[in-house]
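Here is how the chains run, residue by residue.
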Amino acid sequence: MTIIITDDDIERHLSMRECIDAMGTAFADFSKGDAVNLPRARYQARHRDPKQRYFANVHVGAVPSVGLACVRAGSQIITPPTPENNRRIYENPRPFNWVVVILFDTETAEPLALMHEYYLSGMRVGATSGLCVDQVAPKDVKTLGLFGTGKQAGSAFDAINTVRDFERVIVYSPNPEHREMFVTEKRKQWGDKVEVIMADTPDAPVKGADVICCCTTAMEPVFDGNLLEDGQLVVSIANSDSTNKKRTEVDEATYAKATNIIVNDWESVIDNDQTELLEPLDAGTIKRESIVELGDIIAGKETVKSGGEGIVYYKNNSGLAIQFAATGRIVYDRVMAEGTNKQIPTEWLGTDLGALYEAGFRPSP
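### Describing the pattern of salt bridges
1) Next: Under the criterion given, the structure shown has 11 salt bridges.
2) Next: In this structure, Arg12 engages Glu338 in a salt bridge whose closest nitrogen and oxygen atoms are separated by 2.7 Å. Of the two residues, Arg12 is situated in helix 1 (residues 7-13) and Glu338 in helix 10 (residues 321-338); the sequence distance between them amounts to 326 residues.
3) Next: The shortest N-O distance in the salt bridge between Arg72 and Glu117 comes to 2.3 Å. Residue Arg72 is located in strand 4 (residues 68-79), and its partner Glu117 is located in the loop between strand 7 (111-116) and helix 3 (118-136); the two are separated by 45 residues in the primary sequence.
4) Next: Overall, the relative accessible area of 3% leaves Glu117 in the buried class.
5) Next: A network of salt bridges, in which partner residues are shared, links Asp9, Arg12 and Glu338.

Below is the structure:
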């Protein structure tokens with residue numbers, strides 16, 4: 001049988017610490033050439049409402065060490081940015097997230113599960129940022145500056161505070177109501193483990209912070225890179241692609257101050273035409289030899305540390321299917337051990353070729 005793994009299953013069976021560790025497995029295997037991942041494919045198509053677009057997002061990859069391959073397929077209706085609102089807004093007619101992750105067994109090729117992605121999507125992005133912070137930032141960090149108050153910001157908050165004992169987190173977003181709700185929630189969640197401070201200006205999370213993390217829907221830089229100081233680690237998650245050429249959360253000054261730049265996948269930078277990185281590279285603001293992949297740090301091939309001269313910039317530049325495969329193994333095993341009635345016959349998802357096999361044929365898909 002093939003099972004359905006829900007967001008509730010993932011929330012119940014996967015801790016942030018386990019998610020961070022799974023990211024370590026995925027990226028180390030990717031660096032070693034064991035895990036396989038193709039750059040994501042995105043496209044937009046015309047919608048009957050001229051103010052909206054159909055948007056699709058697809059990831060594929062495999063982590064053989066955990067026995068899973070994955071296809072993540074997402075389907076959305078979006079409202080592109082306008083001069084009045086410089087954000088891409090996701091607004092499906094029905095309030096559902098129409099994204100499915102298919103988990104395949106790399107030994108039998110059978111589909112083991114159809115998995116919801118909404119909860120895990122934010123969690124694995126935050127966990128990957130946490131993984132980088134754990135590898136790069138000094139142990140004695142005290143202040144985290146956080147831009148954003150949505151799902152991604154919440155995940156990054158939890159992940160980065162899982163790997164380091166920050167004394168304070170300074171939070172900013174341009175929406176005061178969202179800012180207050182987010183800070184109230186995190187104070188309740190984390191108690192006296194960390195002080196959560198609400199900032200009124202975008203300068204506040206930058207000045208004096210050891211780590212600055214941007215988790216926004218912004219299309220343009222969210223802070224002034226001239227404010228950055230030696231020793232800081234900057235993290236961002238917004239990236240341009242073939243459907244959106246000019247999206248970035250950091251400015252040219254940030255690139256100019258970076259002694260090292262870390263990316264998840266260099267091939268995705270090229271394939272997705274991530275101009276916000278390619279343009280300063282072409283201009284000579286940064287050099288190709290200063291750019292390293294996160295997996296090479298995890299695998300011990302490269303060493304990058306913040307806390308010294310200049311800054312380190314981690315560009316969490318692309319979602320990877322291997323992130324879902326590595327975490328999917330943990331959740332799948334626990335759901336199966338627990339037992340679930342959310343099952344469908346595996347045969348419904350394939351075509352019976354028994355007669356052809358008996359006749360000696362092995363037709364291709």
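### Details of the pairing of strand 13 (residues 258-263)
Two faces, one strand: in a regular strand the side chains alternate between the faces of the sheet.
1) Next: With five bridges joining them, strand 13 and strand 15 (residues 311-315) adopt parallel strand pairing. Within strand 15, the residue paired with Ile262 across the bridge is Tyr314.
2) Next: As judged from the three bridges shared by strand 13 and strand 14 (residues 291-293), these two strands associate in the parallel manner. Counterpart to Val263 in the pairing with strand 14 is Glu293.

### Things to note about the side chain of Arg247
1) Next: Considering the arrangement of structural elements, one finds Arg247 in the loop between strand 12 (233-236) and helix 6 (252-257).
2) Next: Despite being buried, Arg247 has no salt bridge partner; Glu249 is the closest side chain of opposite charge, sitting 5.5 Å away.
3) Next: One polar contact links the side chain of Arg247 to the main-chain carbonyl oxygen of Thr216, over a distance of 3.0 Å.
4) Next: A distance of 3.0 Å separates the side chain of Arg247 from the backbone oxygen of Ala218, its partner in a polar contact.
5) Next: When sequence neighbours within four positions are dropped, the list of residues in contact with Arg247 reads Arg88, Thr216, Thr217, Ala218, Met219, Ala238, Asn239, Ser240 and Glu276.

### Side note on the layout of surface pockets
1) Next: Roughly 340 Å³ of volume is contained in the second largest pocket.
2) Next: Taken together, 15 residues form the lining of the second largest pocket, with Lys151, Gly154, Ser155, Asp158 and Lys186 sitting closest to its centre.
3) Next: Elements that contribute at least two residues to the lining of the second largest pocket include exactly helix 3, helix 4 (151-163) and helix 5 (176-190).
4) Next: Along the lines of polarity and charge, the residues of the lining of the second largest pocket split into five nonpolar, six polar and four charged.

Rules behind the numbers
- Residues numbered from 1 in each chain as written.
- Predicted model: local features only at pLDDT ≥ 70, side-chain atom pairs only at ≥ 80, totals over all residues.
- Heavy atoms only, no water.
- Salt bridge = Lys/Arg side-chain N within 4 Å of Asp/Glu carboxyl O.
- Helix = DSSP H or I, 4+ residues; strand = E, 2+ residues; numbered from the N terminus.
- Buried < 20%, exposed > 50% of the residue type's maximum accessible area, 1.4 Å probe, protein only.
- Pairing = 2+ DSSP bridges.
- Lys, Arg positive; Asp, Glu negative; His and termini not counted.
- Polar contact = N/O pair within 3.5 Å; in protein donor to acceptor, adjacent residues only side chain to side chain.
- Contact = heavy atoms within 4.5 Å.
- 1 Å grid on protein atoms, 1.4 Å probe; cavity = no way out; pocket = protein on both sides within 12 Å on 5 of 7 lines; lining within 4 Å.
- Points joined across faces, edges and corners; volume = space filled by probe spheres on them.
- Nonpolar A, V, L, I, M, F, W, Y, C, P; charged D, E, K, R; others polar.

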